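# Fold and geometry: a report
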Amino acid sequence: MVHGDVTLRNIIKMSNGKYSISDFDSSYYKLTNGQRTYFGQHKISSSGCLPPSAFTILNEEEEKAFEIYWKSRATDKPTTWSSSGATYTTRSVRRGVKIRPPYTRMKASKSLDVWAFGLILYYMATGKHLFSVDKDNNVCSADVVEQILGWDDNAGM
Amino acid sequence: MHHAVKNGASKDIIRCLIESSPESITVQDNHMNAPLHAYLKNEKLEGSLSSSIISMLLSPTVASLVDRKNRTSLHLAVIAKKIIRLKALRMIIDANRNSLLAKDSHGRTPLHIAFLEESVGMDILKLLLQDPIQSGIHHRAAMVEDNLGKLPLQFACENGISNEQELSALIEAHPMSIIATDSKGRSPLHALFINKKVAKSVSVATVLALLAGHGDFDGQCTVKMEDEYSSLPIHYAVKNGAASEVIAMLIETQPESACIPNGDGDLPIHLIFSRRNEIIEDGGEPLDFLQMLIRPVSLSREACKTSGSAGSMYPIHIACNYFLSLDIYENILRSYPKCAKMKNSEGLLPLEVFQSQKSNVKNESDASIFMTIQVEIFARNTNIDQFKRNDSLLESIVSRIQSEISNDGVLSETSIILWVWLCSYDNPDDENDNYTDTVDEIFNSIDRDLFNDLLSIKDDHGSSINDIACSKVKTLIQKHYYFVGKFIFEPVPPIHRSHDNVIVGAFLINLNDNGELSSEISKPVVIKFMMKSDSYRREVESRSVFDDNLTDNVVHILFHFSLDGNRVDDIRFKNDIQDEKLLEPLVAQGIDLQYYRSAIVMERGMCDVEDEFNHSLFTKADTVKCLKQVGKALLTFHDHGQCKFHCFIHTKVITYSFFKSVYLLQIWSMVMLH
């Protein structure tokens, strides 16, 4: 099972002094019918805790396809970030539709939690967010998405 | 001459005597009787008085002479009304018309006298009612009071020998006499019932004549007129045994008259018992008679508070001494609920008195009415040891509440009192002395939908059942009232609100394993209300993956509810959220539960880590502790989910293997912090 939304807000200090994880409404677990579980197929966790692989860039054509893909489910449509011509979004998917999104779907995995945990670690060690987020722990500009997408072995060195 | 008239001399002899001494007819003997007086008083006479003798003895002077008792010959003629001819009477009147107004030593006019002993008859009455002077002032005999302030009408009523026609004639002659009172403040209507012998034979027609009055004077007000002893006509009527139709008429005219106590503090109903034996002898229908008198009383609080001159005989006691119709008991108890706690002179409470009526229960319908009456009385005084554990009484209370709430959705006044009592009764000295079982029986026998109706009932101070219930019943309510009733919501804004969920703080009222209210302080919880059923499903199902032993580092769900579910809790949630009162604190925060279709209840933590960290409460050790525990928990999730994922994303900073070694992590954190 993957929690999918490991953030500081979701770690609660209980009265017995233990730290407990809460808020499982973004969690992924295997369905009994063996259906594959994709990232973003239900409630989208806060975008500030997502790993680079959860983001994608959309070209103009893809953007149109993106709009069509989410047309009838406007409320569930993932956030998009745009700057100087480039548009970014998360690789969320819709359930129960035959058409495919204009990006590769991403299987949900524990890597999501691992990345998020790393972000917490960084914050606790430095007192700063590795990537700047708003108060709801969401990424708020395309620049930040570019930073995340640009993360590689050399980053931070 | 005196001897002659007294001893029956013939008219020739009398004429002879008069001729020899004409003035002898005006001579008065030592009793002040003129010969005419002597003749009219003649007791030895057989047959009727001779008109010719009268005419011989009569002169205007004679007609103005009075005897020792100040009576004119007209007075005496009226006394002899049975044996005098109308013609003779007319002659006497015409000889001195002023004698119509003459007063004897009691101040009575001939008209007064006419109503003594025997019925006067209309013919004589008409003569006596003439105007003394043909024209001029209207001063008639009907307007003259005797020394006791009684007008002829009063006098006639008191002596009770007149029929309604005669009374009507008197009223017509002096309409105001209908409301005139004598020196004791009594109206003619009082007078009708003053004498025991007269009162019994008063006819409806007579009363009608008095009530009807004449012209501007309406007799109806006299029904409520008090004499100097503060007694109304009805008091005398009841006391002196007037016919029940007559009393019925008085009550019908002024129902309040049955509710007014006399100077001794007796209501008319109390006065029945001064002649109780007679009623029973009557063999008529004493119950109807009683009901007639007590029905107006039952509607008056003041009257229901009147205990009678003998003391401690409240209307409720009287009612309980008989098996009357239900509405009387209901009304008395409604007018003066406290009467159920009053003891009679034998020290018995109404409910105890009523037990004597068991013998009057003849059939099933009687039995059910008998029980209903008992319940009505009991409701107003539940503190009688003898009855408060009476099984059949309790059974009847239960079925009454059940049927009222099921059929009408509301409880009657009595049932509300009983329901409040059942829920709130608590004996501090005996923890088993309460009605939890009875309340449970009611809960279990009614429709779930009605549950809220029963709980929304308020006592007479406006407190809800939840507030007044004894602790055991409260627990019982919690058990039945599963969701909302279990929590006390915090009157502060929600902890968190997003577009599809709201998290509010609340306290869980503690229940132990037996479902009883525990003495511990209520447990703080958070309740997350969700719009999306998918979120709800994930919250619940994901946690079901690990049981308690697996990890402590998860905020566990204590309860969960969904409007789309069919578990017992879900069904309760459905019912509970319809209770506006309970949801008030939520509604106040703009949380409409018809949109938030599901909720989970979790233990409330002290704070989240972001807050704790940002408020500099975090030490190095805390950081390590926190990360270790979170890491451990995540590991447990990842290992125990039903889903075996492939590590699809190549995370570039922290590898899974690194993450797995929590000890390394600890060292790493320490290094970073230094």
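## Brief notes about the overall build of chain A
Looking only at helices and strands, chain A features three helices and five strands. Listing the helices and strands of chain A from first to last along the sequence gives β-β-β-α-β-β-α-α. Here chain A holds 157 residues, and the buried ones make up 44% of them. Considering only contacts within chain A whose residues lie at least 6 apart along the sequence, 68% involve residues at least 24 apart.

## Digging into the overall build of chain B
Counting its regular elements, chain B contains 38 helices and seven strands. Counting all 674 residues of chain B, 41% fall into the buried class. Within chain B, contacts between residues separated by at least 24 positions form 69% of all contacts whose residues are at least 6 apart in sequence.

## Some points on the pairing of strand E5 (residues 86–90) of chain A
The side chains of a regular strand alternate between the sheet's two faces. Residue and element names in this part refer to chain A. Bridge count for strand E3 (residues 55–58) against E5 is four bridges, and the pairing is antiparallel. Note on E5: the bridge partner recorded for Thr56 is Thr89. One ladder, built from four bridges, connects strand E4 (residues 80–83) with E5; its direction is antiparallel. Looking at the pairing, Thr80 lines up with Thr89 of E5. The hairpin formed by E4 and E5 contains two residues between the paired strands, and Ser84 there has a positive phi angle of roughly 35 degrees.

## Considering unusual backbone geometry
For Asp23 of chain A, which is not glycine, the phi dihedral falls at a positive 65 degrees. In this fold, Asp23 of chain A is placed in the loop between strand E2 (19–21) and E3. Overall, the presence of 27 C-beta atoms within 10 Å leaves Asp23 of chain A in the buried class. A positive phi is found at Asn70 of chain B, a non-glycine position, where the angle reads about 70 degrees.

## With respect to the nonpolar core
Ranked by size, the top nonpolar core spans 134 residues in total, and within it Ile92 and Ala237 of chain B carry the most contacts. Per-element accounting of this core gives the leading share, six residues, to helix H27 (residues 413–424) of chain B. Built from parts of two domains, this core gets at least three residues from each of domain 1 (1–136) and domain 2 (394–481) of chain B. Those residues in contact with Ile92 of chain B that sit more than four places away from it in its chain are Ile54, Leu58, Ala63, Ser73, Leu74 and Ala77 of chain B. By size, the runner-up hydrophobic cluster in this structure holds 61 residues, among which are Leu121 of chain A together with Val555, Phe573 and Val609 of chain B.

## Focus on the sheet that holds E5 of chain A
Residues and elements named next belong to chain A. Overall, antiparallel pairing links the three strands, which are arranged E3-E5-E4 in an open sheet. Bordering the open sheet on either side are E3 and E4, each of which pairs with just one other strand. The mean inter-strand angle of the sheet, taken between neighbouring strand axes irrespective of direction, is 25 degrees. Lying over the sheet, helix H3 (residues 142–149) contacts E3, E4 and E5, oriented at roughly 100 degrees with respect to E4.

## Remarks on the environment of Glu226 of chain B
All names here are of chain B. Take Glu226: it is sitting in the loop between helix H14 (204–212) and helix H15 (233–239). Taking the C-alpha atoms as reference points, Glu226 and Arg186, 40 residues apart in sequence, are found 7.3 Å from one another. When residues no more than four places from it in sequence are discounted, the contact partners of Glu226 are Gly185, Ser231 and Leu232.

## Things to note about the sheet that holds strand E7 (residues 607–608) of chain B
The strand order across the open sheet formed by three strands is E2(A)-E1(A)-E7(B), and the pairing between neighbours is antiparallel. Single-partner strands in this sheet number two, and they are E2 of chain A together with E7 of chain B. Sheet analysis places strand E1 (residues 11–13) of chain A next to E2 of chain A, joined by three bridges and oriented antiparallel. Residue pairing across strands places Ile11 of chain A opposite Ile21 of chain A, the latter belonging to E2 of chain A. Together, E1 and E2 of chain A form the strand contacts of helix H36 (residues 620–640) of chain B, whose direction differs from that of E2 of chain A by roughly 35 degrees.

## Here we look at H36 of chain B
A turn of α-helix holds 3.6 residues, and therefore any two residues three or four places apart point the same way. Helix length check: H36 of chain B (21 residues) gives 30 Å between terminal C-alpha atoms against 30 Å at 1.5 Å per residue, within 8%. All buried positions along H36 of chain B are accounted for by Thr623, Cys626, Leu627, Gln629, Val630, Gly631, Ala633, Leu634, Phe637 and His638 of chain B.

## Quick look at helix H2 (residues 111–126) of chain A
Residue and element names in this part refer to chain A. Taking 1.5 Å as the rise per residue, H2 with 16 residues should run 22 Å; its terminal C-alpha atoms sit 22 Å apart, in good agreement. Taken across its 16 residues, H2 has twelve buried, putting it largely inside the fold. Every buried residue of H2 is listed here: Ser111, Leu112, Asp113, Val114, Trp115, Ala116, Phe117, Gly118, Leu119, Ile120, Leu121 and Met124. Directly beyond the C-terminal end of H2, a positive phi value near 80 degrees is found at Gly127.

## A look at the confidence of the model for chain B
Residue and element names in this part refer to chain B. With 86% of its residues at a pLDDT of at least 70, chain B reaches an overall mean of 80. Taken as a whole, residues 280–284 scores under 50 in pLDDT and shows two contacts with residues more than four places along the chain or in a different chain. Contacts of residues 642–664 to residues separated by more than four positions or lying in other chains number 45 contacts, the stretch itself having pLDDT below 50. Note on the complex model: pTM 0.59, ipTM 0.87.

## Here's the deal with the packing of helix H22 (residues 326–335) of chain B against helix H24 (residues 364–380) of chain B
A pair of packed helices is characterised by two quantities: the angle between their axes and the separation of those axes. Residue and element names in this part refer to chain B. Two numbers describe how H22 lies on H24: the axes approach to 10 Å, and their chain directions differ by 5 degrees. When the interaxial angle is binned, H22 and H24 end up roughly parallel. Of H24, the residues touching H22 (which contributes Leu326, Tyr329, Glu330 and Leu333) are Ile369, Thr372, Ile373, Glu376, Ile377 and Arg380. In the contact of H22 with H24, the residues fall into six nonpolar, one polar and three charged.

## Some details on the packing of helix H26 (residues 391–407) of chain B against H27 of chain B
All names here are of chain B. It is the contact of H26 with H27, at a shortest axis distance of 10 Å, that shows an interaxial angle of 120 degrees. Considering their axes alone, H26 and H27 lie oblique with respect to each other. As H26 packs across H27, the resulting crossing turns out to be left-handed. Facing Ile397, Arg400, Ile401 and Glu404 of H26, the residues of H27 in contact are Ser415, Leu418 and Trp419.

## Overview of the environment of Val361 of chain B
Residues and elements named next belong to chain B. Take Val361: it is sitting in the loop between helix H23 (350–354) and H24. The spacing of Val361 and Phe323 is 38 residues in sequence and 8.5 Å in space, taken between C-alpha atoms. Ignoring any residue separated from it by four or fewer positions in sequence, one finds Val361 in contact with Asp366, Ala367 and Phe370.

## Here we look at the environment of Gly605 of chain B
All names here are of chain B. The topology assignment puts Gly605 in the loop between strand E6 (598–603) and E7. Using a count of 21 C-beta atoms within 10 Å as the deciding quantity, one classes Gly605 as buried. Between the C-alpha atoms of Gly605 and Pro524, which are 81 residues apart in sequence, the distance is 8.4 Å.

Conventions we followed
- Residues numbered from 1 in each chain as written.
- Chains lettered and ligands numbered in written order.
- Predicted model: local features only at pLDDT ≥ 70, side-chain atom pairs only at ≥ 80, totals over all residues.
- Helix = DSSP H or I, 4+ residues; strand = E, 2+ residues; numbered from the N terminus.
- Buried ≥ 20, exposed ≤ 12 C-beta atoms within 10 Å, placed from the backbone.
- Contact = placed C-beta atoms within 7 Å.
- Pairing = 2+ DSSP bridges.
- Core = buried A, V, L, I, M, F, W, Y, C linked by C-beta atoms within 7 Å.
- Domains from an automatic or database assignment.
- Axes fitted to C-alpha atoms, helices over the stretch in contact; angles between N-to-C directions.
- Expected span 1.5 Å × (residues − 1).
- pLDDT = per-residue confidence, 0-100.
- Parallel < 35°, antiparallel > 145°, perpendicular 65-115°, else oblique.
- Nonpolar A, V, L, I, M, F, W, Y, C, P; charged D, E, K, R; others polar.
- Left-handed = near helix turned anticlockwise from the far one by under 90°.

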